[in-house]
Amino acid sequence: MSAFLLKNASVVCFDPISIEDCDLRIDQGKVVARDKTLIAQENDEIVDCSNKLIFPGIVCAHTHLYSALARGMPAPKQTPTNFHEILKYVWWQLDQALDEETIYWSAIAGGLDAIRSGTTTLIDHHASPKAITNSLSIIKQALSELGLRAALCYEVTDRNGLEGRNLGVKENRDALASSGGLYRALVGGHAAFTLDNTSLKMLADLAKEFNCGVHIHVAEGLLDEEDAPTRYQMSLVERLEKTKVLRPGSILAHCTHFDKEALRIAKMSGCWLVHNPRSNMNNSVGYAKVSDFGPRCALGTDGIGADMFEEAKFAFYKSRDAKTSLSAETVLSLLAGGQHLASEIFDEQLQTLNVGATADLVLFDYPSPTPLSAENFAWHFIFGMSAAQVSSVMVAGRFLLRNGNYQTINPAQAMEKARQATIKLWEKMQQI
Ligand SMILES: [Zn+2]
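Residues numbered from 1 in each chain as written. Predicted model: local features only at pLDDT ≥ 70, side-chain atom pairs only at ≥ 80, totals over all residues. Heavy atoms only, no water.

> Whenever I open this one, the overall build of the protein chain confuses me. Can you help?
If you tally the helices and strands in the protein chain, you get 13 helices and 18 strands. In summary, the protein chain has a C-alpha radius of gyration of 21 Å against a globular reference of 22 Å for 432 residues, a match within 12%. Expressed along its principal axes, the backbone C-alpha trace of the protein chain runs to roughly 65 × 45 × 40 Å. With the model as given, the accessible surface of the protein chain reaches about 17000 Å², and the carbon-plus-sulfur share is 51%. Counting 41 positive and 50 negative side-chain charges, the protein chain places the averaged centre of each group 2 Å from the other. (Helix = DSSP H or I, 4+ residues; strand = E, 2+ residues; numbered from the N terminus. Rg over C-alpha atoms; globule rule 2.2 N^0.38 Å. Areas by Shrake-Rupley, 256 points an atom, 1.4 Å probe, with all protein chains shown as cover. Lys, Arg positive; Asp, Glu negative; His and termini not counted. Charge placed at Lys NZ, Arg CZ, Asp CG, Glu CD.)

Structure representation (structure tokens):
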């Protein structure tokens, strides 16, 4: 593996926010030295980072790579009028049509987007009911060709019968058993309203067995919140608590309709809460009480690409619009939360670029017309920074993007193959 000496950079950390002019030496996938001036060692490749910021790789804490081939797809046969119909007429049509080929190209297309945006870790939530077995291996294969880091899971649900549920659980188990390197697994569940208590307990038991979290949609729409009292005579949070889905490391995506008490219980259980502002706005499901999410919270795209600069801006502007006014520092802390979450899942330092940290990092062109400091960095992030300024991206000491050029894949060829696969996918959707 190559060793690199990154010279003359401004190294940024999101939590606590700091900026330091220094050199970084990267070897064997780790930051092995950090100082004002480092001397190149034999075999070091020197990379001049003058006028560049370097920060730890960004994490998307909730996404669906399987939706990467959805952009521009034909309108659904029936126009959805609520969130449940959006699931029924759009996403549950798409996931039914996925096969091994389109799972692979979805992961490649979504992964290309992540690299270009400086997103080095994807926490993915996958569904392909007609191709469950090996689906996570296929995603892992695609992402390993690109060199991205990911925590994968299969979203178990009861909506495809017991056989579908059991295959989903087995797919999670197989992924957990083969975790390692750049890949980890969590236990995936769709949402409580499509899982009975036996199924929820199966997920919790598997998570306990592998000492990991359950990754599940929670209170995204009112439907999930209303289902628990109607069918189980208890609140959604009580149901998740009773079935032990709430456990340290569980990822609760959305929590749009959780009140303060439900949030308190989720936080007490050591769960991570993930805000997905663009998706929530797109589905008109409401606005989560993000300011009550506490320290274990992060941002996700929910499958709308992997551009976390854009997601952060939406988190900021949505809060302004809703008059809850999250500060830029709070929004940046959501991105820092994603890095902490990834550090926890991988048991590696992915939130800093201190000595000993894993070399997942972004080189960023940012010739600011105004002074930049640790005190105002978060405001620069919201008002001045975008994925367009991502210059180079490294995961575990390997460049995946260098000066704007992909290093591990021919993007034009990959896009062409993805388009060919998409044509078949969309035709298949029309026949469902
Ligand atoms: Zn989701």
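> Looking at this structure, I do not really get the pairing of strand β3 (residues 30–35). What am I missing?
Regular strands show a simple pattern: their side chains alternate between the two faces of the sheet. With 5 bridges connecting them, strand β2 (residues 17–27) and β3 associate as antiparallel partners. Counterpart to Arg-25 in the pairing with β3 is Ala-33. (Pairing = 2+ DSSP bridges.)

> Can you walk me through the pattern of salt bridges in this structure?
Scanning the entire structure with this criterion turns up 21 salt bridges. The salt bridge involving Arg-402 is made with Glu-45; its shortest N-O contact spans 2.6 Å. Here Glu-45 lies in strand β4 (residues 44–48) and Arg-402 lies in strand β17 (residues 398–402), a separation of 357 residues in the sequence. Relative accessible area serves as the criterion here: at 34%, Glu-45 is assigned to the partly exposed category. In this structure, Arg-159 and Asp-95 form a salt bridge, with 2.7 Å as the shortest nitrogen-oxygen distance. Here the residue Arg-159 occupies a position in the loop between β8 (149–152) and α4 (161–177), and Asp-95 occupies one in helix α1 (residues 83–97), the gap between them amounting to 64 residues. The exposure class of Arg-159 is partly exposed, given its relative accessible area of 25%. The class for Asp-95 is buried, based on a relative accessible area of 0%. Among the charged side chains, a salt-bridge network with shared partners connects Lys-30, Arg-149, Glu-348 and Asp-360. (Salt bridge = Lys/Arg side-chain N within 4 Å of Asp/Glu carboxyl O. Buried < 20%, exposed > 50% of the residue type's maximum accessible area, 1.4 Å probe, protein only.)

> Honestly, the nonpolar core in this entry has me stumped. Any pointers?
Across soluble globular proteins, you tend to see nonpolar side chains buried next to one another. By size, the foremost hydrophobic cluster in this structure holds 129 residues, and its most contacted members are Phe-14, Leu-143 and Phe-258. Here this core spans two domains, since at least three of its residues come from each of domain 1 (3–56 + 352–406) and domain 2 (58–346). Each residue touching Leu-143, except ones within four places of it in the same chain, is listed here: Leu-65, Ala-107, Gly-111, Leu-122, Leu-148, Ala-150, Leu-152 and Tyr-183. Val-11, Val-47, Ala-357 and Leu-361 belong to the second-largest nonpolar core, a separate cluster that totals 18 residues. (Core = buried A, V, L, I, M, F, W, Y, C linked by side-chain atoms within 4.5 Å. Domains from an automatic or database assignment. Contact = heavy atoms within 4.5 Å.)

> I would appreciate a short explanation of the coordination of the zinc ion in the present structure.
Ideal values for angles at a metal depend on the geometry: 109.5 degrees with four tetrahedral donors, 90 or 180 degrees with six octahedral donors. Ligation of the zinc ion by protein atoms is provided by His-62 (NE2), His-64 (NE2), His-217 (NE2) and Asp-302 (OD), these donors lying 1.9 to 2.1 Å from the ion. Taken together, the 4 donor atoms coordinating the zinc ion span angles of 92 to 157° at the metal, a pattern that classifies the geometry as irregular. Read from N- to C-terminus, the donor residues coordinating the zinc ion fall into the pattern H-x1-H-x152-H-x84-D. Separated by 240 residues along the polypeptide, His-62 in strand β6 (residues 58–63) and Asp-302 in the loop between β14 (297–299) and α10 (308–321) bring together distant segments of the chain. The burial state of His-62 is the same as that of Asp-302; both residues are buried. (Donors = N, O, S within 2.8 Å, 3.2 Å for Na, K, Ca; no water. Tetrahedral: all angles 85-135°; square planar, octahedral: opposite > 155°, others 65-115°.)

> Help me out: how do you make sense of the packing of α1 against helix α13 (residues 411–431) in this one?
It is at 9 Å that the axes of α1 and α13 come closest, and there the two elements cross at 115°. With respect to the hand of their crossing, α1 and α13 are arranged in right-handed fashion. Residues Val-90, Gln-93, Leu-94 and Ala-97 of α1 pack against Leu-425, Lys-428 and Met-429 of α13. When grouped by side-chain class, the residues that make up the contact of α1 with α13 number 5 nonpolar, 1 polar and 1 charged. (Axes fitted to C-alpha atoms, helices over the stretch in contact; angles between N-to-C directions. Left-handed = near helix turned anticlockwise from the far one by under 90°. Nonpolar A, V, L, I, M, F, W, Y, C, P; charged D, E, K, R; others polar.)

> Would you mind going over the sheet that holds strand β12 (residues 251–254) with me for this structure?
Consider a sheet: its strands pair through backbone hydrogen bonds, and that pairing is either parallel or antiparallel. The parallel open sheet is built from 5 strands, whose spatial order is β10-β11-β12-β13-β14. Bordering the open sheet on either side are β10 (187–191) and β14, each of which pairs with just one other strand. Taking the axes of each pair of neighbouring strands and ignoring which way they run, one obtains an average angle of 25° across the sheet. Of the pairings in the sheet, the one linking strand β11 (residues 214–218) to β12 comprises 4 bridges and is parallel in character. What sits directly across from Val-218, in β12, is His-254.

> Could you clarify how one ought to interpret the domain arrangement of the protein chain in this entry?
You'll often see interface size given as the accessible area lost when the parts meet. Here the protein chain is described as being made up of domain 1 (3–56 + 352–406) and domain 2 (58–346). For domain 1 versus domain 2, the separation of C-alpha centres amounts to 29 Å. Summed over both partners, the interface of domain 1 with domain 2 comes to about 2400 Å²; 70% of that surface belongs to carbon and sulfur atoms. Three residues stand out in domain 1 for area buried against domain 2, namely Phe-14, Ile-382 and Tyr-406, and they jointly supply 26% of the buried area on that side. (Buried area = accessible area lost by both parts, 1.4 Å probe.)

> Quick question: what am I supposed to make of the environment of Thr-119 here?
For Thr-119, the location among the structural elements is in strand β7 (residues 119–124). The spatial distance from the C-alpha of Thr-119 to the C-alpha of Val-395 is 9.7 Å, given a sequence separation of 276 residues. In this structure, Thr-119 is in contact with Ile-58, Val-59, Cys-60, Ala-114, Leu-148, Ala-306 and Met-308, ignoring residues within four places of it in sequence.

> How should the environment of Met-429 be read in this particular structure?
Summarising the element assignment, Met-429 is placed in helix α13. What makes Met-429 buried here is its relative accessible area of 10%. Taking the C-alpha atoms as reference, Met-429 lies 9.6 Å from Met-73; in sequence the two are 356 residues apart. Those residues in contact with Met-429 that sit more than four places away from it in its chain are Met-73, Lys-77, Val-90, Gln-93, Leu-94 and Ala-97.

> Where do I start with the side chain of Thr-352 in this structure?
Take Thr-352: it is sitting in the loop between α11 (328–346) and β15 (361–365). Within the structure, Thr-352 has its side chain in polar contact with the side chain of Gln-349 (distance 2.7 Å). A polar contact of 3.1 Å, which involves the side chain of Thr-352, links it to the backbone nitrogen of Asn-354. Not counting residues within four places of it along the chain, the set of residues in contact with Thr-352 comprises Cys-13, Pro-56 and Ala-357. (Polar contact = N/O pair within 3.5 Å; in protein donor to acceptor, adjacent residues only side chain to side chain.)

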